Amino acid sequence: MKNMFKKVGAILMIASLVLGCNAVKNANNTQKGAVIGASGGAVIGGIVGNNVGKGGNTVLGAIIGGVVGGAAGGYIGNRMDRQAERIQEEIPGAEVTRVGEGINVTFNEGAGVYFDTNKSNIKGTSVETLNKLAGILKEYPKTEILVEGHTDSAGSDEYNMGLSKLRAESVTNYLIGQGILGGRFTTKWFGETQPVADNATAEGKSKNRRVEIGIVASEELKQEAIEKTKG
């Protein structure tokens, strides 16, 4: 996650330069949701989001790329703050990062979602983790969910791409099976192409075998936010 935190910092730095002040630096997450798009809206978010996505973390890119900004962004950010807190409380092993108007959740072998070697079925502690996540997603139905699968570098590129696809789809299908509407999901897979740690070490490989989830506002929530913050 070190690389991701650097990217978050870069995004906030860009927003700060655009706005010409230190508001972003000193803001809480709800305020960041309001500030990032205040003078450029989705245009700034889209540019930054696309660049981050190309650089590696596509979940982060999707979150920033979908920014609403202004007062409506603050409204969304407040709800994301509460949802992120719930995830941290219920799933302490997950890596939860609040970014602008969204949430990035990472599950690896040490954080609640584990796959046996060359397998993609959900079992053991992964069941408990995803059951808790499903419960929270039900509490906040006006969000959309991006699920991404990643692997380490062991095996061929082609094999790892296929394995990451199976694992990402396995997580998505499990959550749908727990009552989350399928239309809320976008599922992607990237094999070994987006490592977050050094594949030369066992610890690094463990971190790279992961599922990332992005949680962003649905169009319904965006419209609600705009209506609630008019005037």
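Residues numbered from 1 in each chain as written. Predicted model: local features only at pLDDT ≥ 70, side-chain atom pairs only at ≥ 80, totals over all residues. Heavy atoms only, no water.

Engineer: Got a minute to help me understand the packing of aromatic side chains in this structure?
Structural biologist: Two aromatic rings are characterised by how far apart their centres lie and by the angle between their planes. Applying the stated criterion across every chain yields a total of 0 aromatic pairs. Seen from the ring of Y75, R79 lies directly overhead, with NZ or CZ sitting 3.5 Å from the centre. Cation over ring: K165 sits above W189, and NZ or CZ is 5.2 Å from the ring centre. (Phe/Tyr/Trp six-rings, centres within 6.5 Å; stacked < 30°, edge-to-face > 60°. Lys NZ or Arg CZ within 6 Å of the ring centre and 35° of its normal.)

Engineer: Would you explain the environment of I136 in this entry?
Structural biologist: As for its placement among the helices and strands, I136 is situated in helix α7 (residues 125-139). Since its relative accessible area comes to 1%, I136 is described here as buried. Separated by 52 residues in the primary sequence, I136 and A84 have C-alpha atoms spaced 9.5 Å apart. Setting aside its immediate chain neighbours within four residues, I136 contacts Q83, R86, I87 and E90. (Helix = DSSP H or I, 4+ residues; strand = E, 2+ residues; numbered from the N terminus. Buried < 20%, exposed > 50% of the residue type's maximum accessible area, 1.4 Å probe, protein only. Contact = heavy atoms within 4.5 Å.)

Engineer: Where do I start with the environment of T187 in this structure?
Structural biologist: Relative to the assigned elements, T187 resides in strand β4 (residues 185-189). The contact partners of T187, leaving out residues within four places of it in the chain, are V147, A168, E169 and T172. Among the polar contacts listed, one links the side chain of T187 to the side chain of T172, at a separation of 2.8 Å. (Polar contact = N/O pair within 3.5 Å; in protein donor to acceptor, adjacent residues only side chain to side chain.)

Engineer: Which parts of the structure should I look at to understand the sheet that holds strand β5 (residues 210-217)?
Structural biologist: What the 5 strands build is an open sheet, ordered β1-β2-β5-β3-β4; its pairing is mixed. Whereas interior strands pair on both sides, the edge strands pair on one side only; in this sheet they are β1 (95-99) and β4. Mean inter-strand twist for the sheet, computed between neighbouring axes without regard to direction, equals 15°. Note: strand β2 (residues 102-108) against β5, 6 bridges, orientation antiparallel. Of the residues in β5, the one forming a bridge with N108 is R210. Relative to β1, helix α6 (residues 70-90) is tilted by about 175°, and along the sheet it contacts β1, β2, β3 (143-150) and β5. Contacts between helix α8 (residues 157-177) and the sheet are confined to β3, β4 and β5, with β4 contributing the most and set at about 160° to the helix. (Pairing = 2+ DSSP bridges. Axes fitted to C-alpha atoms, helices over the stretch in contact; angles between N-to-C directions.)

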